[in-house]
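# Summary of structural features
Spelled out, the chains give:
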Amino acid sequence: YGNFIDSLRVYVRGGTGGMGYPRLGGEGGRGGDVWFVAQEKMTLKDIRQRYPQKRFVAGSGANSSVKALKGEKGKDCKVPVPLGISILCDDGNQIGELNAAGERFLAARGGLGGSLATNFLPCKGQKRVVRLDLKLIADVGLVGFPNAGKSSLLSKISHAKPEIANYAFTTIQPELGKIMYADYKQILVADLPGLIEGAHANKGMGHKFLKHVERTRQLLLVVDISGFQLSAKTQFRTAFETILLLTKELELYKEELVTKPALLAINKMDLPCAKDNLNELRKQLQNPQDFLHLVQEEIIPANTLEFKDIIPVSTYTGEGIEELKACIRKSEDEEAEKENEEYRKKKLLLLQTSE
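Keep in mind that this is a model prediction, so the values were computed, not measured.

## Things to note about the packing of aromatic side chains
Within the structure shown, the criterion is met by three aromatic pairs. When the ring of Tyr51 is compared with that of Phe56, the centres are 5.0 Å apart and the planes differ by 70°; the resulting orientation is edge-to-face. In this structure Tyr51 comes out as partly exposed when scored by relative accessible area, which is 26%. Judged by relative accessible area, Phe56 falls into the buried class, the value being 4%. With 5.1 Å between their ring centres and 10° between their planes, Phe145 and Phe228 make a pair best called stacked. Pair noted here: Phe145 is in the loop between β9 (138-143) and α2 (150-157) and Phe228 is in the loop between β12 (216-224) and α4 (239-253), with a separation of 83 residues, a long-range link. This pair shows no difference in class: Phe145 is buried, exactly as Phe228 is.

## Looking at the pairing of β9
The side chains of a regular strand alternate, residue by residue, between the two faces of the sheet. Judged by how many residues are buried, β9 sits mostly within the fold: six of six residues are covered. Where β9 meets β12, five bridges bridge the pair, whose relative direction is parallel. Bridged to Gly141 within β12 is Leu219.

## Points about the sheet that holds strand β2 (residues 34-38)
The strands making up a sheet associate through hydrogen bonds between their backbones, and the pairing can be parallel or antiparallel. If you walk across this open sheet you meet the three strands as β4-β2-β7, and the pairing is mixed. Of all strands in the sheet, those with a lone pairing partner are β4 (77-81) and β7 (104-108), marking the two edges. Going across the sheet, the axis of each strand differs from the next one's by a mean of 30°, ignoring polarity. Where β2 lies against β7, four bridges are found, and the strand directions are antiparallel. Opposite Val34, over in β7, you have Ala108 as the bridge partner.

## With respect to the sheet that holds strand β11 (residues 186-191)
Spatially, β10-β11-β9-β12-β13-β14 is the arrangement adopted by the six strands of the open sheet, whose pairing is mixed. If you trace the sheet from one side to the other, it starts and ends with β10 (175-180) and β14 (307-312), each paired once. For this sheet, the mean inter-axis angle between neighbouring strands, taken without regard to orientation, is 25°. Summarising the sheet, β10 and β11 pair through six bridges and their orientation is antiparallel. Note on β11: the bridge partner recorded for Met180 is Gln186. Taken strand by strand, α4 contacts β9, β12, β13 (262-267) and β14, and its axis lies near 150° from that of β12. On the sheet, helix α6 (residues 321-354) packs against β9, β10, β11, β12, β13 and β14 and is oriented at approximately 155° with respect to β12.

## Here's the deal with the pattern of salt bridges
Between side chains of opposite charge, a pair can form as their charged atoms come close. Scanning the entire structure with this criterion turns up 18 salt bridges. For Lys338, the salt bridge is made with Glu335, and the minimal N-O distance between the two is 3.5 Å. Of the two residues, Lys338 and Glu335 both sit in helix α6, three residues apart, roughly one turn of that helix. The exposure class of Glu335 is buried, given its relative accessible area of 15%. A salt bridge links Glu341 to Arg344, with the nearest nitrogen and oxygen atoms 2.8 Å apart. One end of the pair, Glu341, and the other, Arg344, are both in helix α6, three residues apart, so they sit about a helical turn from each other.

What counts and what doesn't
- Residues numbered from 1 in each chain as written.
- Predicted model: local features only at pLDDT ≥ 70, side-chain atom pairs only at ≥ 80, totals over all residues.
- Heavy atoms only, no water.
- Phe/Tyr/Trp six-rings, centres within 6.5 Å; stacked < 30°, edge-to-face > 60°.
- Buried < 20%, exposed > 50% of the residue type's maximum accessible area, 1.4 Å probe, protein only.
- Helix = DSSP H or I, 4+ residues; strand = E, 2+ residues; numbered from the N terminus.
- Pairing = 2+ DSSP bridges.
- Axes fitted to C-alpha atoms, helices over the stretch in contact; angles between N-to-C directions.
- Contact = heavy atoms within 4.5 Å.
- Salt bridge = Lys/Arg side-chain N within 4 Å of Asp/Glu carboxyl O.

In short, shape yes, function no, at least from these values alone.
Below is the structure:
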């Protein structure tokens, strides 16, 4: 991923409690806690640079004394983390996530202070190693094989300036771009590291790519109308086979990914024979079941993706770019309306049950 960091292991330890005062029954203060606090414009790279030791330890509780029988609580340690963080134990189990600015997660609890229950001896704070996993949060995720033109498309529809190459080059770190509309609405688009066959089995950057797809609200598949071949050693795939393969990779990683709303951008419409290929592809997508006997069984997904729109584009001539932006906006508005409707129904149900 070059300079981009999407995973970081850190050590966290809650503060030790304070000593009790047996003669007067005094209680020591509780140890401080370690909190992760979601903060905008924060990256995992910032954390690594700011805290190279990657150790976060809260303050110890104050001892009980004649002047203060109840010792003060130790100082909490607050660690700023980026939005869209999953917090995992060392065994890989997720224990929390932070998605909005200001959200907090208790990473390590402080130990109890010495009291009658503990024979006036303090307890140590919780300690563990946790992994911070970043999954991009974007409205739209671009999905496609290398050289499908995702980076070029992102640069056309947004203000992003991704690295672009004219060979089978794959983006090696996520790129974010914003589509700006005339009414000042902004839609965040993520160009994710290029997928290859076998990504679900973690070939190439498989899982690094696919985990970012989980955090996008909808998918935009980008497919080369002339088909795709990664190298001379790999098999050539038609545009129809490419769509089946992309669906299969998403499905094998996590079935829910195939249920996301999806758009399809057919790129490189400036190439010769593109119009004929497009007509053929439209027929195949209308009734995919009629054409599945022509492709290899191992690339057929259990469920085919339902596309809300199919938009032919050319990043070279600019054809279809404005139409694509309009389709993304329309789809985004529809999804937002659905979410609002579900929220209203939940609220109404809560009101009815409380009455």
